[in-house]
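# Chains, contacts and geometry: an overview
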Amino acid sequence: MISSIIIEGLIYGIMVLGVFATFRVLNFCDMTVDGSFPLGACVLAACLSSGLPPSVSLFVAFVAGLFAGLVTTGIYTYLKIPDLLSGILTMTMLYSVNLRIMSNRANISLLRVPTFFSKIHTFMTVHFPAVDSEWGIAIFLVVFVFALKFLLDLFYHTDLGLTMGVLGSNPQLVISQGVNPSVVRGIGICFGNGLASLAGAFAAMYNGFADVGMGTGVVVSGLASLMLGEFIIRTNKISLQTLRVLVGSILYRSLMMVARSYGYKIYMTANDLKLMTGILIIICLIITRTNLLEKIESHRKKGNGAKGETDANS
């Protein structure tokens, strides 16, 4: 059970890193993730079924996610459609695209197709028969995801990464520096959807199938993971912000696993998981708003106290 939580948490953590790039860094409400996540799974399944090696298939899935983000960027930038609607339009169109990619089939099984995870399973069975093969997959994902996190941390310290952060908080400052905000925003959106597509490809390998409907509610779960991580680790340091994304993803998956395993004791079923996710996000928003109001009230009291002291001295 623990190994499954770690595996799912890290796989979906890649997707949450993409959500972090768009929702937090760029302050761009991108719903494309619900379409780019299954896009990666469908592209991976099509590539593996065609005989391509897993590494090439993962790269092609990542590139497909980049193009999905590019479509959203084009709709938002050139057609002047709001960010939320732009993502919804791309997500809707991707459903038909995903069906086309899989030759008009709703799902493709990968149980008999060699993948990274099947090779790890074979290796663990031969060399470490006493150890559950899922721990081998978990170790592989820990190495891969934290290497990806390290590269992201380096990127966010570059001029382009810093410009993305400024664009999300103060777009006018970016424009005053002679930088085209559309280009910077487009790079961030494309990269975020590329990560979501890569996560979908890993999810397809782990689940053993690719399905056009596997992206339903992914962006909501990503936001829930993001908020959980923000409650646990409060910091402005980018390396810790990317770390709390992964921590929040693992915590969210553990909560969902506990709900699936023991929810029957309070008459919960698997159909209630989406309801739980929505309630969890609402609770997070309420707590965030409460903390914000407390900070404002505290700042106001300090200001009134300082003003009273000034009046007394005068």
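Above: the structure in question.
Positions within a chain are numbered from 1, following the residues in the order the chain's sequence is written. Only residues with pLDDT of at least 70 get local features here, since the model is predicted, and only at 80 or more are side-chain atom pairs given and counted; chain-wide, interface and lining totals rely on the full set of residues. As a rule here, side-chain values come from all non-hydrogen atoms in the structure, and water together with hydrogens is ignored.

## Brief notes about the pattern of salt bridges
By convention in these notes, a salt bridge is any Lys or Arg side-chain nitrogen within 4 Å of a carboxyl oxygen on Asp or Glu. In the structure shown here, the tally under the stated rule is two salt bridges. Two residues, R24 and E230, come together in a salt bridge whose shortest N-O distance is 2.5 Å. Pair noted here: R24 is in helix α1 (residues 2-25) and E230 is in helix α10 (residues 218-232), with a separation of 206 residues, a long-range link. The exposure class of E230 is buried, given its relative accessible area of 17%. Here D153 ties to K149 by a salt bridge, and the two come within 2.7 Å at their closest N and O atoms. Only runs of H or I of at least four residues qualify as helices and only runs of E of at least two qualify as strands under DSSP, and these elements are numbered from the N terminus. Burial classes follow relative accessibility: with a 1.4 Å probe on protein chains only, a residue under 20% of its type's maximum area counts as buried, one over 50% as exposed, and anything between as partly exposed.

## Regarding unusual backbone geometry
Phi at N27 is positive, roughly 55°, even though this residue is not glycine. Along the chain, N27 falls in the loop between α1 and α2 (33-49). Take N27: its relative accessible area is 55%, and that puts it in the exposed class. At K80, a residue that is not glycine, the phi angle is positive and equals roughly 55°. In this fold, K80 is placed in the loop between α3 (54-78) and α4 (83-101). The exposure class of K80 is exposed, given its relative accessible area of 67%.

## A look at a nonpolar patch on the surface
Patch membership is restricted to residues that have no salt bridge and whose relative accessible area is over 30%. Joining uses 9 Å for like charges and 5 Å for the nonpolar side chains Val, Leu, Ile, Met, Phe, Trp and Tyr. What sets the accessible areas is the Shrake-Rupley method with a 1.4 Å probe; for residues, cover comes only from the shown protein chains. Side chains of V71, L84, L85, I88, L89 and M93 sit close together on the surface and give an oily, nonpolar patch of about 450 Å² of accessible area. The element that contributes the greatest number of residues to the nonpolar patch is α4, accounting for five residues. Topologically, M93 is positioned in helix α4.

## Observations concerning the packing of aromatic side chains
Two rings from Phe, Tyr or Trp (for Trp, the six-membered ring) form a pair when their centres sit within 6.5 Å of each other. Planes less than 30 degrees apart are called stacked, planes more than 60 degrees apart edge-to-face, and all others tilted. Enumeration according to the criterion identifies 13 aromatic pairs in this entry. For the pair F117 and F140, a centre-to-centre distance of 6.2 Å together with 80° between the ring planes defines the contact as edge-to-face. Here the residue F117 occupies a position in helix α5 (residues 116-127), and F140 occupies one in helix α6 (residues 133-156), the gap between them amounting to 23 residues. We classify F140 as partly exposed; its relative accessible area is 25%. An aromatic cluster is defined as three or more aromatic residues linked by ring pairs; in this entry it consists of F116, F117, F140, F144, F202 and Y206. Counted as over-ring charges are cases with an Arg CZ or a Lys NZ within 6 Å of the ring centre that also lie within 35 degrees of the ring normal. Above the plane of the ring of Y12 lies R253, whose end atom (NZ or CZ) is 3.8 Å from the centre.

## Notes on helix α9 (residues 181-207)
With 27 residues, α9 extends 39 Å from end C-alpha to end C-alpha; this agrees with the ideal 39 Å at 1.5 Å per step. When you tally the buried positions in α9, you get 22 out of 27 residues, the bulk of the element. We define a polar contact as two N or O atoms separated by no more than 3.5 Å, with the added condition that, inside protein, one atom must be a possible hydrogen donor and the other a possible acceptor, whereas residues neighbouring each other in sequence contribute only through side-chain atom pairs. By the N-cap criterion, in which a side-chain oxygen at the helix start approaches the backbone nitrogen of a residue two or three places on, α9 is capped by N180, the distance to S182 being 3.1 Å. Positive backbone phi, at 85°, marks G208, one or two positions downstream of α9. A helix is expected to span 1.5 Å for every residue after the first.

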